[in-house]
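# Summary of structural features
Residues per chain, in single letters:
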Amino acid sequence: MKKLVISLLSMVCLIGMFMLGIYSHEVYLRVMPKPVLPKHDYALWKLISTNESGELNLAKLGSQAWTKVCFLGPYNEDSAGLLGFDWNIKDYTKALRFDGHNVLIFASNEHVIDFIVQPRSHGDFAELSGTCLARENSTLISSTQSHSYKHRN
């Protein structure tokens, strides 16, 4: 009889711990802030589409808060090393694990303001992968045959 009571009490304790674990996980999900995903619009697409001169002035994009634009091409996910502060692109997109996208990151010296996941078929920035440009020096030129961009020196 004593073994039965101990077994029942053990079962109740295990079920209670299980239920407490589920409840604490639910509370954790409600309390912990989720990363705010930036608003992705097609301002870059529009800028590229209306670009007839071959020059692309990235300073026209986004708010006035960003001071540099950084580029990550396919298979280059080292955003923290590029930006100079702790921010991981892998927390927001997996697009750089494949050939089809670039990411343009608009940042200040301390944090990311916004980023754009850009299909390479509609503006290729792969030649700039791993570089950052100051806002005042963020005009790019395109090749005459494709939508591939490089820095205007």
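Report on the accompanying structure.

Basis of the calculations
- Residues numbered from 1 in each chain as written.
- Predicted model: local features only at pLDDT ≥ 70, side-chain atom pairs only at ≥ 80, totals over all residues.
- Heavy atoms only, no water.
- Pairing = 2+ DSSP bridges.
- Helix = DSSP H or I, 4+ residues; strand = E, 2+ residues; numbered from the N terminus.
- Salt bridge = Lys/Arg side-chain N within 4 Å of Asp/Glu carboxyl O.
- Buried < 20%, exposed > 50% of the residue type's maximum accessible area, 1.4 Å probe, protein only.
- Contact = heavy atoms within 4.5 Å.
- Phe/Tyr/Trp six-rings, centres within 6.5 Å; stacked < 30°, edge-to-face > 60°.

Attention shifts here to the pairing of strand β4 (residues 112–119). In this structure, strand β3 (residues 101–107) lies alongside β4, joined through 7 bridges in antiparallel fashion. Bridging from a neighbouring strand, H101 pairs with P119 of β4. The turn joining β3 and β4, which pair antiparallel and follow one another in sequence, is formed by 4 residues.

Let us now look at the pattern of salt bridges. A complete count under the given rule lists 2 salt bridges for this structure. A salt bridge links E77 to R97; the nearest nitrogen and oxygen atoms lie 3.6 Å apart. With a gap of 20 residues between them, E77 in the loop between β2 (68–72) and α3 (79–83) and R97 in the loop between α3 and β3 connect regions that are remote in the sequence. For E77, a relative accessible area of 21% corresponds to the partly exposed category.

Moving on, we come to the pairing of β3. The buried fraction of β3 is high, at 6 of 7 residues. Relative to β3, β2 runs antiparallel, the two sharing 5 bridges. Across the sheet, the residue bridging to C70 is I105, located in β3.

Moving on, we get to the environment of F85. Along the polypeptide, F85 turns up in the loop between α3 and β3. Considered as a pair, F85 and V112 are 27 residues apart in the sequence and their alpha carbons are 9.5 Å apart. Ignoring any residue separated from it by four or fewer positions in sequence, one finds F85 in contact with A80, A107, S108, N109, E110, H111 and V112.

Within this structure, the stated rule accounts for 6 aromatic pairs. Of the aromatic side chains, those joined through ring pairs into one cluster are F71, F125 and Y149.

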